[in-house]
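# Breakdown of the fold
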Amino acid sequence: MLLTRHSFISGLAAIVLLAGNIAYAADDTTKRIMVYGDSNTWGYMPVESGPTTRYPADVRWPGVMQTELGSEYEVIEEGLSARTTDVSDPTLPHISGAGLDGSAYLSSAIATHQPLDLVVIMLGTNDVKAMFDRSPFRIALGMGKLIDIVEQTGGGVGTSYPAPKVLVLSPPPLGNVAPEGRAERFAGGVEKTEALPQLYEAIAEAAGAEFYDVGTLATTDGVDGVHFSAETHNAIGVGVAEKVMSILE
């Protein structure tokens, strides 16, 4: 039988379409997780003072979590230094748009990355800065607002995806904050961060979200007292991966 140009092209198109469908089906089984956080999710390398850089992807705790979870999971990083739960930061006006207010950008991030099976949120450290004058209770309410945003965003824009589950992570308490200027910015913050786990757990339970106290895995051991060492990133990534598997499997 002669193979005409038309039949050849039609057959090739069918093969491409079938291959695409197979690839989509395989990808459709992947569990997708968005990690929403601040500089310790972004991978800020602690320094005594001055600007810094970020840890490599495989050192940052979301990257460690990706390695632990394996190829059946996809971890999407949404970390931004100085991000809060739901308060604007006037000290960095060049960060435009949603700025550093976590509640202002969260719904867009969810819609951008849909479909999602789980949103992991670790915020609150920046909320304890003295200039915000926030109580631990008020910070916990900010976390509750974020949980509500995930549920209200649902499938995003024009799609039928269900709202993802939520895992709230309480960050480890601050360490010995230094130097003096940073210590002033975070004055009273150690006590506030120590109070967050109990309040976050109550908020998560009331909202039907999952909770994990990251302070049980590691301490804030960077030289600045705010950020994590590579070892702490590893411990958090491994521990949170176990929690994620218990939620999604």
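Note that the coordinates shown come from a computational prediction; the quantities given were computed from them, not determined experimentally.

## Quick word on the overall build of the chain
What the chain contains, in helices and strands, is 8 helices and 5 strands. Reading the chain from its N end, one meets helices and strands in the order α-β-α-α-β-α-β-α-β-α-α-β-α. Summarising the internal contacts of the chain: among those between residues at least 6 apart in sequence, 74% fall at separations of at least 24. Taken as a whole, the chain presents about 12100 Å² of accessible surface, with 57% of it coming from carbon and sulfur.

## Quick look at unusual backbone geometry
Following Gln114, the chain continues to Pro115 via a peptide bond in cis, the omega torsion being 0 degrees. Tracing the sequence through the fold places Pro115 in the loop between helix H4 (102-113) and strand S3 (118-122). Positioned with a positive phi, Asp133 is a non-glycine residue whose angle comes to about 50 degrees. One can find Asp133 in the loop between S3 and helix H5 (136-153). With a relative accessible area of 67%, Asp133 lands in the exposed category.

## Focus: the packing of H5 against helix H7 (residues 189-207)
For the pair H5 and H7, the least separation of the axes is 9 Å and the interaxial angle reads 35 degrees. Crossing handedness for the pair H5 and H7: right-handed. In contact with Pro136, Phe137, Ile139, Ala140, Leu141, Met143, Gly144, Ile147 and Glu151 of H5, H7 contributes Lys192, Ala195, Leu196, Leu199, Tyr200, Ile203, Ala204 and Ala207. Across the contact of H5 with H7, the residue classes tally to 14 nonpolar, 1 polar and 2 charged.

## Quick notes on the nonpolar core
With 30 residues, the main nonpolar core has Met34, Leu106, Ile121, Val168 and Tyr200 as its most contacted residues. At the level of secondary structure, the elements contributing two or more residues to this core comprise strand S1 (31-37), H4, S3, H5, strand S4 (165-170) and H7. A per-element tally of this core places H5 first, with 7 residues. Counting residues in hydrophobic clusters, the runner-up holds 21 residues, among them Leu69, Leu169, Val240 and Leu248.

## Topic: the side chain of Asp38
Residue placement: Asp38 occurs in the loop between S1 and helix H2 (39-42). Put simply, Asp38 is tucked away with no salt bridge, and the nearest opposite charge, on Arg83, sits 8.2 Å away. Residues in contact with Asp38, not counting those within four places in the same chain, are Gly79, Leu80, Ser81, Arg83, Met122, Leu123, Thr125 and Asn126.

## Considerations on the sheet that holds S4
Read across the open sheet, the 5 strands follow the order S2-S1-S3-S4-S5; overall the sheet is parallel. The open sheet has two edge strands, strand S2 (73-79) and strand S5 (210-213), and neither has a second partner. Taking each pair of neighbouring strands and ignoring which way they run, the sheet shows an average axis angle of 20 degrees. Note that S1 and S2 share 7 bridges and pair parallel. Paired with Val35 across the two strands is Glu77, which belongs to S2. Packing of helix H8 (residues 230-248) onto the sheet brings it into contact with S1, S2, S3, S4 and S5, and relative to S4 it is tilted by some 155 degrees.

## A short note on the confidence of the model for the chain
Averaged over all residues, the pLDDT of the chain is 90; the fraction at 70 or higher stands at 89%. Here residues 1-26 is modelled with pLDDT under 50, and outside its nearest four sequence neighbours on either side it reaches 1 contact, counting other chains as well.

So, how was this worked out
- Here the residue index of a chain counts from 1 through its sequence in written order.
- Totals for whole chains, interfaces and linings use all residues, but because this is a predicted model, local features are given only for residues with pLDDT of at least 70 and pairs of side-chain atoms are given and counted only at 80 or more.
- Hydrogens are left out, water is left out, and the side-chain values use all remaining heavy atoms of the structure.
- We count a stretch as a helix when DSSP gives it H or I for four or more residues in a row; a strand needs E for two or more, and each element gets its number in order from the N terminus.
- In what follows, residue pairs with any heavy atoms lying within 4.5 Å of each other are defined as contacts.
- All accessibility values rest on the Shrake-Rupley procedure with a 1.4 Å probe; residue burial counts only the protein chains present in the view.
- Think of it in three bands: with a 1.4 Å probe and only protein chains considered, a residue is buried below 20% of the maximum accessible area for its type, exposed above 50%, and partly exposed in between.
- Interaxial angle, 0 to 180 degrees, is taken between N-to-C directions of lines fitted to C-alpha atoms, where a helix line uses only the stretch in contact.
- Each crossing is labelled by how the near helix is turned from the far one, with a counterclockwise turn of less than a right angle marking it left-handed and a clockwise turn marking it right-handed.
- Side-chain classes follow a simple rule in which Ala, Val, Leu, Ile, Met, Phe, Trp, Tyr, Cys and Pro form the nonpolar group, Asp, Glu, Lys and Arg form the charged group, and the remainder, Gly included, forms the polar group.
- To form a nonpolar core, buried Ala, Val, Leu, Ile, Met, Phe, Trp, Tyr and Cys residues must be joined to one another through side-chain atoms within 4.5 Å.
- Positive charges come from Lys and Arg alone, negative charges from Asp and Glu alone, with His and the N- and C-terminal ends not counted.
- Salt bridges, as used here, are contacts in which a Lys or Arg side-chain nitrogen is within 4 Å of a carboxyl oxygen on Asp or Glu.
- Paired strands, as defined in this entry, are two strands with at least two bridges between them according to DSSP.
- Per-residue confidence from the predictor is reported as pLDDT, a score between 0 and 100.

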